[in-house]
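# Structural features, examined
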Amino acid sequence: MATFYMFYGIILQWLIYSTKEVILIEISNEQSRPASLQCYSDYSMRAYYNSNGKALDEMKQFEINTRKFITTKRVLKSYVIPVVFHVYGTNFAGKTVNDNTIIRALKKLNDDFHGLNHDFNTVHSAFLGNRSTFDVTFKLARKDPNGSPTTGIIYYPEKSGYGSNARNSEIQAEAWNNYKYCNVYIQLDLFGNSEWYHAGIAWYPDSGMSDAKLARIVYNGQYLYGNTDDEFSSLLTHEFGHWLNLIHTFEDGCTASSENQCDQTGDKVCDTPQTVGNQGCGDVHNCVGNYVNSENYMDYSGAYGCYKMFTSGQVARMEAAMHHAARITLWQNENLIATGVVGDDDVLPRAAYICPNATWISNGAIVAGGSWGTANNKLAYPSGLDVDDEQTVYVTDPFNHRIMAWKYGATTGEIIAGHGYGANGLLSTPTDVIIDRKTDDLIICDAGNRRVIRQSRLNSTNGQTIISNVHCMCLALDDKGALYVSDANQSIVRRWSPGQPLGTVVAGGGGQGDRLDQFNFPNFIFVDRNYSVYVADGYNNRIMKWEKGAKEGIVVAGGRGSEDDPAQLANPRGIIVDQLGTIYVGSYHNSGIKRWKKGATHGDVLIGANGQDVQSIPLQGPHGIAFDRQGNLYVADMWGCQVLRYDIDKSLC
């Protein structure tokens, strides 16, 4: 079931694409594609399905499932896919492929999917409303099928022909489990016919191919990013689009009768106008008078420099493909751990990879609570929170002595821990909750009972006390599974490593005060990939950073002026540090969310504080904060008895 993508070499490209006359056959409202665009995928797919009834049935059923998926309201997810590159040979028509080539090509691929390509903001005005991004990240595997360390790039002697079926036995022998890894094969002669100009070929999701270890992308090394121009290298994006079940935008050409059956004809996507393809980057109209989306990655326009975008409909179709049996196992958390692509900030709760120039829409949306009360659609002074990949919000409800879960779009929450006041399995004034992404558990700071408990997210009746006799305030995890607990009573932060019953003081220890070895009401904490501990030092109006093994902390935010200054901190609470060392913090007393860039002496006001007049729902005491995978910001607003979400704006990224 190959989708075959043929592009000609530099000379042949020049001969074909510089030709001013392209013969089109026009019959009434129909157009046929130029002869140079006849794609072998039509024939190979028909041959595959004609010889494999089971595959044909699976494809038909999944097309039905895809249409249902697209019309169903769903939460936008983030996906991570482990990838292994198999590289054959060293000479690719005078070009070299090494680790750096693959790493740069993979970054370019991810940038294209994320809308970070340099020309994303120059899309034709007719398609600005349709332009979209897909939050999928392809990462080189760090563990091989045996669990041993790997770079995710495997080198072999020169071979050819992996774009055909003639080498299936060799492909199967060298493939890594198709249900755990996306296998990409880099060769020069893709079809073993001594023709070096074919760019790539990919296969749509198919269980039979994955079972047989034949699901793959085969790509020409001379067309990787850095070996060819920027636009033409996006052919790799085109092939990954096929791997995610996208069809050429010009499939079946253009007919007026297909306009009302757009989800079942052509590329089966309704916001990609019908086209005969490969018509340059200018203003071109199709057979029914609509603009052609020649800037689409699934056209054949890379040679013209047109590649810029996917549409919203294509993104929905790719997301549906993620739930195909041949793709769904790849992005599950247990597989990301098994293949080693999860680590550092991928498993840290509340961690974030944020564009440095991002801003947030100042009008927040209420996603939990909204007023004080004891009913399941109310909250009583929420404090700590975390957000999972499904955008479910887990939030402490201290004065109702419970943890609430609010699913995306829900108008009422669900009690998932604590059903009353006291011990014996009940909670007493819980102040923080975090998700352990490695075990899929919740970890809860049960402050009133002076303990920390662990509870499965799937079972609300099996909470287990893991730390006793601790004045727990707030929690953090590092990537090794060590648990950090702030203790406001003793003005310290302790770390409990797995298997160690006694905690170790890693911040504070000098008692209560304002020296660099002291705290005055330490509350929310964050641990970065270097195991430095960031502490919101509440009554000292500052954020302290304690590097691993340090005897005293460093002031990295606040503490340099009046708490009435909106660029300073006033009783800081929730804290997150991103990949660049930028600190995001909730400033409780002046009701704002501040951003402190690394080394700065003052913060930027992101939400609230001196910007309250532009907020439809003003903050009234921010406590815990969290980012979801998309970078949207969530704030537990204590006195507002609500959780607010502020959507990220990446237009300046």
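Predicted model only: the values in this text are computed from it and were never measured.

The subject of this paragraph is the overall build of the protein chain. When you go through the protein chain residue by residue, the secondary structure sums to 9 helices and 37 strands. When burial is assessed residue by residue, the protein chain has 58% of its 653 residues classed as buried. If you take every contact in the protein chain between residues at least 6 apart in sequence, the share linking residues at least 24 apart comes to 59%.

Moving on to the confidence of the model for the protein chain. Within the protein chain, residue pLDDT values average 85, and 87% of them lie at 70 or more. Across the protein chain, strand β8 (residues 182-187) holds the top mean pLDDT of 98, while strand β2 (residues 26-27) sits lowest at 24.

Within strand β28 (residues 542-546), 5 of the 5 residues are buried, leaving the element largely enclosed by the surrounding structure. Taking every second residue as pointing to the same face, both faces of β28 are buried, with Arg542, Met544 and Trp546 on one and Ile543 and Lys545 on the other. Looking at chain direction, strand β27 (residues 533-537) and β28 are connected through 5 bridges and run antiparallel. Residue pairing in the sheet places Val535 in a bridge with Met544 of β28. Connecting β27 to the antiparallel partner β28 that follows it, the hairpin turn spans 4 residues, and Asn541 within it adopts a positive phi of roughly 55 degrees.

What follows concerns the layout of surface pockets. Where empty space is left in the structure can be found by rolling a water-sized probe over the atoms. Counted as a void, the second largest pocket has a volume near 790 Å³. Together, 30 residues line the second largest pocket, and Asp388, Asp389, Glu390, Asp440 and Arg457 are the ones closest to its centre. In terms of residue count, helix α9 (residues 333-338) provides more of the lining of the second largest pocket than any other element does, 3 residues in total. If you count residues domain by domain, the lining of the second largest pocket takes at least three from each of domain 1 (78-339) and domain 2 (363-649).

Excluding glycine, most residues fall at negative phi; most peptide bonds, likewise, are trans. With a phi close to 60 degrees, Lys213 is a non-glycine residue in the positive phi region. Within the fold, Lys213 resides in the loop between α6 (207-211) and β10 (217-220). Within the chain, Arg450 stands out as a residue other than glycine whose phi angle is a positive 55 degrees. Examined against the element boundaries, Arg450 turns out to sit in the loop between β19 (441-446) and β20 (451-456). Judged by its relative accessible area of 33%, Arg450 falls in the partly exposed class.

Quick notes on the rules
- Residues numbered from 1 in each chain as written.
- Predicted model: local features only at pLDDT ≥ 70, side-chain atom pairs only at ≥ 80, totals over all residues.
- Heavy atoms only, no water.
- Helix = DSSP H or I, 4+ residues; strand = E, 2+ residues; numbered from the N terminus.
- Buried < 20%, exposed > 50% of the residue type's maximum accessible area, 1.4 Å probe, protein only.
- Contact = heavy atoms within 4.5 Å.
- pLDDT = per-residue confidence, 0-100.
- Pairing = 2+ DSSP bridges.
- 1 Å grid on protein atoms, 1.4 Å probe; cavity = no way out; pocket = protein on both sides within 12 Å on 5 of 7 lines; lining within 4 Å.
- Points joined across faces, edges and corners; volume = space filled by probe spheres on them.
- Domains from an automatic or database assignment.

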